[in-house]
Amino acid sequence: MAHKLRFLGSLLLLLAFSGNVLATQPKQITIGYQKSNIFMLLKSRGNLDDVFRQEGIKIRWVEFPAGPQMLEGLNIGSIDLASTGDVPPVFAQAAKADLVYLAHSPAHPKTEAIVVAKDSAIKSIQDLKGKRVALNKGSDVHYLLVAALEKAGLSYKDIKPVYLPPADARAAFQRGVIDAWAIWDPFLSEVETNTGARQISNGEGLVPHYTFYLASRKFVDNYPQAAEKVVQELVTLSDWANQHPDETATILADATKLDKTIWQRVLTRTIYGAEHMTPAVFNQQQILADTFTRIKLLPVKIDVRQASWSLDNLNNQSEQSK
């Protein structure tokens, strides 16, 4: 209820300043999505398209294989909005992408984990010393792996990282050519369901693991009301998805061609939502960025808050126009 009241206040603020701020609407909004994320649900449900169609605005959906490619699209202007996990925005910001954080999901640390084969002799993170661990470089689980190792008294140099995209890592895991795999849902649930893979650690107590809703700064500066309306629709969709897990699982199973039972497993540890950014969440993102800089995976130190944007921007624009 509290987040709904906050968003209602946001909408009232938008209405109050609409006469002073650039009031033009875009003719088209281009949104990047992956088959397994919340924008896929938004696309399938059609609610966002319906809302903007009433205002003469077309929604164009563009599919991407992963977050980094999506944020490159955001940087070059081929899309206006995107949704990714924790790590891709940090790398994009280091590459000078002019993106902003609009909102974030609730934390869902249990949706990513480090797994081993069911008959593996590896029982704990400490047992990973000298072992081959597969992961997607620069992904959310990269941060999980670093955090898990350091908590166990190990460093990133104590393992043999094997950088593979999920499909290739899944095949390597099946063949036994890697010792462990750091992976996220739905791939995590799939390998647990179909091979009996065991978790030796998930993100709980280590990393928050958010989904972030991002936009190009140019888009939100020109069309703040449209950007806020997308966040509103994410709130509405999240409420629906949390209350209708069976229907949600059906939609995602159809989109990804994974069995519905796998998605039902995913949804037992997933809570959808959209909340405006807070200092606490920015602090957690800064810790992530500083960790990657410290272990030299991020080439430069960044200030995550330089990618902030809020409706205060709208207020400031209004004051400047008086």
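Residues numbered from 1 in each chain as written. Predicted model: local features only at pLDDT ≥ 70, side-chain atom pairs only at ≥ 80, totals over all residues. Heavy atoms only, no water.

Per an unreviewed UniProt entry, the protein chain is named Putative aliphatic sulfonates-binding protein, and its organism is Xenorhabdus innexi. The annotation that UniProt attaches to the protein chain under Sequence similarities (unreviewed entry) is "Belongs to the bacterial solute-binding protein SsuA/TauA family." (UniProt positions renumbered as here; feature names shortened; annotations may be inferred.)

Another point: the confidence of the model for the protein chain. Taken as a whole, the protein chain shows an average pLDDT of 90; of its residues, 89% reach a score of 70 or greater. Confidence over residues 2-22 falls short of pLDDT 50; this stretch has 37 contacts with residues more than four positions distant or in other chains. Long-range and interchain partners of residues 315-322, a stretch whose pLDDT sits below 50, account for 8 contacts in this model, where long-range means more than four residues apart. (pLDDT = per-residue confidence, 0-100. Contact = heavy atoms within 4.5 Å.)

Our focus in this paragraph is the pattern of salt bridges. Applying the stated rule across the entire model yields 13 salt bridges. Across the pair Glu190 and Arg170 runs a salt bridge, and its minimum N-O distance is 2.8 Å. Of this pair, Glu190 sits in helix H8 (residues 187-195) while Arg170 sits in helix H7 (residues 166-175); the two residues are 20 residues apart in sequence, bridging distant segments of the chain. Taken individually, Glu190 and Arg170 each receive the classification buried, so the pair is uniform in this respect. Salt-bridge contacts for Asp290 lead to Lys301; the nearest nitrogen and oxygen are separated by 2.9 Å. You can see Asp290 sitting in helix H13 (residues 279-294) and its partner Lys301 sitting in the loop between H13 and helix H14 (311-321), a full 11 residues away along the chain. Since its relative accessible area comes to 28%, Asp290 is described here as partly exposed. Each of Asp185, Glu192, Arg265 and Arg269 takes part in a single network of salt bridges with overlapping partners. (Salt bridge = Lys/Arg side-chain N within 4 Å of Asp/Glu carboxyl O. Helix = DSSP H or I, 4+ residues; strand = E, 2+ residues; numbered from the N terminus. Buried < 20%, exposed > 50% of the residue type's maximum accessible area, 1.4 Å probe, protein only.)

Pairing is mixed across the open sheet formed by 5 strands, whose spatial order is S7-S6-S8-S5-S9. Two strands close off the open sheet at either side, each with one partner strand: strand S7 (160-163) and strand S9 (198-202). Sheet twist, expressed as the mean angle between neighbouring strand axes with direction ignored, is 30°. With 2 bridges connecting them, strand S6 (residues 132-135) and strand S8 (residues 180-184) associate as parallel partners. From the neighbouring strand, Val133 faces S8, where its bridge partner is Ala180. Against the sheet, H7 engages strand S5 (112-116), S6 and S8, with an angle of about 145° to S8. Contacts between H8 and the sheet are confined to S5, S8 and S9, with S8 contributing the most and set at about 130° to the helix. (Pairing = 2+ DSSP bridges. Axes fitted to C-alpha atoms, helices over the stretch in contact; angles between N-to-C directions.)

Right, let's talk about helix H6 (residues 140-151) for a bit. With 12 residues, H6 ought to run about 16 Å at 1.5 Å a step, and its terminal C-alpha atoms sit 17 Å apart, in line with that. Of all 12 residues in H6, 10 are buried, a share of seventy percent or more. Once H6 ends, the next one or two residues include Gly153, with phi positive near 85°. (Expected span 1.5 Å × (residues − 1).)

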